[in-house]
Amino acid sequence: MSQEIPGRIGILRPLRLRDFALLWTGMAISMVGDGVYVIAIAWQVYEISNRPSALAMVGVAWSLPQVLLMLLSGALADRFDRRKLMIAGDVIRFAAISTIGALSIAGRLTIPLVVGLVVVYGVGQAIFQPSFSAIVPTIVPGVLLVEANSLAQFVRPFAMMLLGPLVGGVLIAAFGTGWAFVFDGGTFLFSALMILLMRARSERRPAGTEERLLADVAEGLRYVLANRWLLVAMVGATVSLLATWGPWETLVPFVIKNDLHGSATDLGLVFGAGGLGAVAAALFLGQRGTLPRKPLTALYVSWAIGMLGTAGFGLVTGVWQAMLVALVTEACITFLVVIWFTLVQRLVPGHLLGRVTSLDWMVSIAGVPLSFAVVGPVASAIGARATLVLAGVLGGGITIAVMFLPGARDPERDGSLSATVPTS
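Nothing here was measured: the structure is a model prediction, and the numbers come from that model.

Chemist: Report on the overall build of the protein, specifying residues and quantitative values.
Modeler: In terms of helices and strands, the protein carries 15 helices and 0 strands. Across the 424 residues in the protein, those meeting the buried criterion constitute 58%. Across the protein, contacts joining residues at least 24 apart in sequence account for 89% of those joining residues at least 6 apart. For the protein, the computed accessible surface area is about 16600 Å², with 70% contributed by carbon and sulfur atoms.

This is the structure in structure tokens:
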């Protein structure tokens with residue numbers, strides 16, 4: 001009976017693959033830690049300095065190393081053992097987050113120390129992410145990529161936004177913020193162990209791997225420039241995330257804590273509700289097993305709704321309303337992420353995946369440091385709630401406009417999808 005379950009429940013089919021099951025398990029535990037971090041870092045910073053600009057500074061410290069290092073990391077992912085790079089990323093993140101926890105427990109944590117250690121954390125993220133994205137299609141056959149990506153997007157919100165924030169709220173209430181960081185650090189060690197247990201694989205590289213890393217980076221850039229649908233989506237993400245990311249990460253905790261007079265547990269419930277919506281979206285796509293008939297159109301529509309959701313947080317008057325906004329918003333974001341990852345993995349040649357995914361991440365978040373940098377002054381000038389409303393309207397409107405740019409939806413119009421996307 002147990003052997004049949006993965007066949008009947010579409011989202012579980014990839015778990016029959018040993019290496020993917022190990023990767024998935026490590027990611028699941030690590031993302032519980034990430035969810036704890038989201039609550040812990042906001043609560044810790046607002047305990048030290050109850051100003052949005054302080055948390056915004058931490059956001060810059062986290063995002064800037066990823067923007068600066070992601071291209072190089074992607075080239076490394078296409079040249080070296082992706083398993084070893086992911087393990088290195090996990091170890092770096094363990095060291096940074098555990099140190100934050102130890103300093104918090106000792107009562108010696110300051111905003112400058114948080115900023116410095118979060119920079120190190122961001123470096124670990126930059127090393128880990130391109131290799132993780134690029135390794136999935138090497139361990140999962142193409143016919144299972146929708147299910148694999150849906151499972152990943154099921155784990156991400158369930159762990160990072162549903163379970164993790166709830167665990168974080170409980171840990172902070174019971175033991176203090178420092179121990180929440182220590183817990184998060186331990187999850188990276190567990191992830192590294194799971195990746196270590198995966199079978200070493202010798203991934204074939206095309207001729208010319210002796211070329212310089214800069215030449216490898218240039219090859220990936222040329223590929224993105226030649227495929228307009230990739231370039232348009234990446235640049236669109238830059239602008240829409242510039243509008244929404246900083247306000248979302250910085251001002252939602254501020255509104256919950258100060259305007260709604262909520263606790264760390266309440267903040268966990270809001271993020272948890274978002275996780276519930278994302279889990280539902282991932283389960284739907286995973287069981288379906290196929291992309292929508294017009295996947296890029298569906299991607300942009302759900303993307304726009306997700307960005308508009310930021311405005312909802314500026315209008316809420318109770319925690320339950322914030323939970324509802326989070327649920328709808330994160331369901332839409334998960335829907336677009338599953339579609340996007342699947343399209344990239346199917347349409348981009350395997351030997352370029354590390355570079356293209358790193359370019360995707362780097363270009364998409366290129367505006368995030370600036371988003372964090374401006375959110376403090378803007379919120380001081382017009383208020384936290386007005387800033388959230390403005391951010392959501394701008395982010396959603398920009399996304400809709402991008403959908404109609406020439407080339408934005410080429411793969412669903414030029415026939416390239418029909419040769420790569422299973423229909424069932």
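Chemist: Can you explain the packing of helix α2 (residues 18–48) against helix α5 (residues 111–139)? Please cite residues and give values.
Modeler: When two helices pack together, their arrangement is given by the angle between the helix axes and the distance between those axes. The N-to-C vectors of α2 and α5 enclose an angle of 160°; their axes lie 13 Å apart at closest approach. Here α2 lies roughly antiparallel to α5, going by the angle between them. Here α2 and α5 pass one another in a crossing that is left-handed. Across the interface between the two elements, Asp19, Phe20, Leu23, Met27, Asp34, Tyr37, Ile41, Val45 and Ile48 from α2 touch Ile111, Val114, Val118, Tyr121, Phe132, Ile135, Val136 and Ile139 from α5. Of the residues that constitute the contact of α2 with α5, the class distribution is 15 nonpolar, no polar and 2 charged.

Chemist: If you had to explain the environment of Phe128 to someone new, which residues and values would you point to?
Modeler: For Phe128, the location among the structural elements is in helix α5. In this structure the C-alpha to C-alpha distance between Phe128 and Ile87, which are 41 residues apart in sequence, comes to 7.6 Å. The contacts of Phe128, once residues within four sequence positions are left out, are Met86, Gly89, Asp90, Arg93 and Ile195.

Chemist: So, the packing of aromatic side chains: which residues are in play, and what are the values?
Modeler: Per the counting criterion, the structure on display carries 8 aromatic pairs. Arranged with centres 6.2 Å apart and planes meeting at 65°, the rings of Tyr37 and Phe181 form a pair that is edge-to-face. Of the two residues, Tyr37 is situated in helix α2 and Phe181 in helix α7 (residues 177–197); the sequence distance between them amounts to 144 residues. Here Tyr37 falls in the buried class, since its relative accessible area comes to 9%. Where Tyr300 meets Trp303, the ring centres are 5.4 Å apart and the plane angle is 15°; that geometry is what we call stacked. One end of the pair, Tyr300, and the other, Trp303, are both in helix α11 (residues 295–313), 3 residues apart, so they sit about a helical turn from each other. Judged by relative accessible area, Tyr300 falls into the buried class, the value being 0%. Relative accessible area serves as the criterion here: at 8%, Trp303 is assigned to the buried category. Through a chain of ring-to-ring contacts, the aromatic side chains of Tyr37, Tyr121, Phe181 and Phe188 assemble into a single cluster.

Chemist: I'd love a proper account of the environment of Lys84, names of residues and values included.
Modeler: Structurally, Lys84 is set in helix α4 (residues 82–105). Judged by relative accessible area, Lys84 falls into the exposed class, the value being 59%. Along the chain, Lys84 and Ala192 lie 108 residues apart, while their C-alpha atoms are 9.1 Å from each other.

Chemist: Tell me about a nonpolar patch on the surface, residues and numbers included.
Modeler: Residues Leu242, Leu370, Val374, Val378, Ile382, Leu390 and Leu394 make up a contiguous nonpolar surface patch of roughly 530 Å² in combined accessible area. Elements represented by at least two residues in the nonpolar patch include exactly α14 (368–382) and α15 (384–403). At 4 residues, the largest contribution of residues to the nonpolar patch is made by α14. Structurally, Val378 can be placed in helix α14. Judged by its relative accessible area of 30%, Val378 falls in the partly exposed class.

Here is what the cut-offs are and how they apply
- Residues numbered from 1 in each chain as written.
- Predicted model: local features only at pLDDT ≥ 70, side-chain atom pairs only at ≥ 80, totals over all residues.
- Heavy atoms only, no water.
- Helix = DSSP H or I, 4+ residues; strand = E, 2+ residues; numbered from the N terminus.
- Buried < 20%, exposed > 50% of the residue type's maximum accessible area, 1.4 Å probe, protein only.
- Contact = heavy atoms within 4.5 Å.
- Areas by Shrake-Rupley, 256 points an atom, 1.4 Å probe, with all protein chains shown as cover.
- Axes fitted to C-alpha atoms, helices over the stretch in contact; angles between N-to-C directions.
- Parallel < 35°, antiparallel > 145°, perpendicular 65-115°, else oblique.
- Left-handed = near helix turned anticlockwise from the far one by under 90°.
- Nonpolar A, V, L, I, M, F, W, Y, C, P; charged D, E, K, R; others polar.
- Phe/Tyr/Trp six-rings, centres within 6.5 Å; stacked < 30°, edge-to-face > 60°.
- Patch = residues over 30% accessible without salt bridge, like charges linked within 9 Å, V, L, I, M, F, W, Y side chains within 5 Å.
- Salt bridge = Lys/Arg side-chain N within 4 Å of Asp/Glu carboxyl O.

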